[in-house]
Amino acid sequence: MTNPDGGLSPLFKAVSVPVIRVLIADDHAMVRDGLRRIIESEPGLRVSGQAVDGNSTLDRLCDTPCDILLLDLNMPAPNGPELIRQIRDYRTDLPILVLTMHNQPAVARAALKAGASGFIAKDNDPDVLLHALRQVASGKRFIEPRLAGILEPGAQVGDAPGLTEREIEVLRRLAAGESNSEIARALVLSEKTISTHKTNLMAKLRLGSLAELVRFADEVRKTGTWFDMESRRPWK
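As a starting point, this report considers the structure included with it. (Residues numbered from 1 in each chain as written. Predicted model: local features only at pLDDT ≥ 70, side-chain atom pairs only at ≥ 80, totals over all residues. Heavy atoms only, no water.)

Now for the sheet that holds strand 1 (residues 20-25). The 6 strands are arranged 2-1-3-4-5-6 in an open sheet whose pairing can be described as parallel. Each edge of the open sheet carries a strand with a single partner, namely strand 2 (45-51) and strand 6 (142-143). With respect to the sheet, helix 1 (residues 29-40) is in contact with strand 1, strand 2, strand 3 (68-72) and strand 4 (96-100), its orientation differing from that of strand 2 by roughly 160°. (Pairing = 2+ DSSP bridges. Helix = DSSP H or I, 4+ residues; strand = E, 2+ residues; numbered from the N terminus. Contact = heavy atoms within 4.5 Å. Axes fitted to C-alpha atoms, helices over the stretch in contact; angles between N-to-C directions.)

According to the stated counting rule, one finds 12 salt bridges in the structure shown. Asp 33 is the salt-bridge partner of Arg 37, the closest N and O atoms lying 2.9 Å from each other. Of this pair, Arg 37 and Asp 33 both sit in helix 1, 4 residues apart, roughly one helical turn. For Arg 37, a relative accessible area of 55% corresponds to the exposed category. One salt bridge connects Arg 36 with Glu 40, and the closest N-O pair in it is separated by 3.7 Å. (Salt bridge = Lys/Arg side-chain N within 4 Å of Asp/Glu carboxyl O. Buried < 20%, exposed > 50% of the residue type's maximum accessible area, 1.4 Å probe, protein only.)

Here Leu 58 shows up in helix 2 (residues 54-63). Of the residues examined, Leu 58 reaches a relative accessible area of 13% and is grouped as buried. Distance in space between the C-alpha atoms of Leu 58 and Leu 83 is 8.6 Å, their sequence separation being 25 residues. Apart from the residues within four sequence positions on either side, Leu 58 is in contact with Pro 78, Leu 83, Gln 86, Ile 87 and Tyr 90.

Moving on to the pairing of strand 3. For strand 3, the tally of buried residues reaches 5 of 5 residues, placing the bulk of the element in the interior. Taking every second residue as pointing to the same face, both faces of strand 3 are buried, with Ile 68, Leu 70 and Asp 72 on one and Leu 69 and Leu 71 on the other. Relative to strand 3, strand 1 runs parallel, the two sharing 4 bridges. Bridged to Val 22 within strand 3 is Ile 68. Here 4 bridges tie strand 3 to strand 4, and the two strands are oriented parallel to one another. Counterpart to Leu 70 in the pairing with strand 4 is Leu 97. You can see the chain leave strand 3, run along helix 3 (residues 80-90) and come back into strand 4, and the turn it takes is right-handed. (Right-handed = clockwise from strand over helix to strand, strands pointing away.)

Looking at where His 197 falls in the secondary structure, it is placed in helix 8 (residues 191-204). The class for His 197 is buried, based on a relative accessible area of 0%. Residues in contact with His 197, not counting those within four places in the same chain, are Thr 92, Arg 166, Glu 167, Val 170 and Leu 189.

Next up, the structure:
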């Protein structure tokens, strides 16, 4: 159907759907190609770049726009939790989904503690991977289904939806009354990075000021419960 001027009626115009841009980091060409095919078969997902080791991953993150990093843990160094920590130091809000052949609780704990947003083994079905990508890209956590019930409560980051381990550590130190400089020294980060973490925490926890963030941190420390500041109900 067209308008009098010959253009498409608004009812028939295409609706723009946001595309999730995925950066793949894996040192095996065949794996990267297989992942690319799986990802690009799904509407709304697109591979924006690829990296073959730790250093090229850091380089691609500087020159390739992406909404989520799909990261293999066992690439040439830097790799594993150390690479995740390096990424977190300057891309604090980037969702990172770890994809690995090592489906073990200890490996998952180390990756999540370093700042990964999710963890999935390579032997899962493609549908599970696509679901994990969408969930992590939206700011949620995803834990390998076979490990979700095995990981100890203290190691599961699902306690605080959307928060990284680094952000939780900053929150704990805020509750203890530490200043930006003290937190920066303890975590071996810059004060600017700590300020960025605090800004991200306020946005994710729906808090309007630094004073509210400090009060929230203190109450979580005292009660051990994550809650919504406005409704005072447990966080969901």
